[in-house]
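Descriptive analysis of the structure
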Amino acid sequence: MHRIVICRMQRHQQTRDYVERRTAEGRTIREIIRCLKRFVAREVFGILRGGPAVRTAQA
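So, a few notes on the structure that sits alongside this text. (Residues numbered from 1 in each chain as written. Predicted model: local features only at pLDDT ≥ 70, side-chain atom pairs only at ≥ 80, totals over all residues. Heavy atoms only, no water.)

Attention now moves to the packing of helix α2 (residues 13-24) against helix α3 (residues 29-49). Remark: α2 packs on α3, axes separated minimally by 10 Å, with the N-to-C direction vectors making an angle of 135 degrees. By the angle between their directions, the pair α2 and α3 is classed as oblique. Classified by chirality, the crossing of α3 by α2 is right-handed. Between α2 and α3, the contacting residues are Thr15, Tyr18, Val19, Arg22 and Thr23 on the first element and Ile29, Ile32, Cys35 and Leu36 on the second. Across the contact of α2 with α3, the residue classes tally to 6 nonpolar, 2 polar and 1 charged. (Axes fitted to C-alpha atoms, helices over the stretch in contact; angles between N-to-C directions. Helix = DSSP H or I, 4+ residues; strand = E, 2+ residues; numbered from the N terminus. Parallel < 35°, antiparallel > 145°, perpendicular 65-115°, else oblique. Left-handed = near helix turned anticlockwise from the far one by under 90°. Contact = heavy atoms within 4.5 Å. Nonpolar A, V, L, I, M, F, W, Y, C, P; charged D, E, K, R; others polar.)

What follows concerns the nonpolar core. For soluble globular proteins, nonpolar side chains are generally found buried alongside one another. Listed in full, the 8 residues of the largest apolar core are Val5, Met9, Tyr18, Val19, Ile32, Ile33, Leu36 and Val40. For this core, the secondary structure elements donating two or more residues are α1 (2-11), α2 and α3. When residues in this core are grouped by element, the largest group, 4 residues, is from α3. In contact with Val19, other than residues within four places in its own chain, are Met9, Ile29, Ile32 and Leu36. (Core = buried A, V, L, I, M, F, W, Y, C linked by side-chain atoms within 4.5 Å. Buried < 20%, exposed > 50% of the residue type's maximum accessible area, 1.4 Å probe, protein only.)

Written out as structure tokens, the structure reads:
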């Protein structure tokens, strides 16, 4: 997962925007990577289960 996060931080525009936004909030790179790893884990788990990659809250 670490390699996926690092590659996304370099090449994936949405992830780059996220890192920029979180850095502006005062987060450290270490904290940002931790959050991104959790996101990737949820995304992969959803794909493996055959459901949506990331579930959103339903109103």
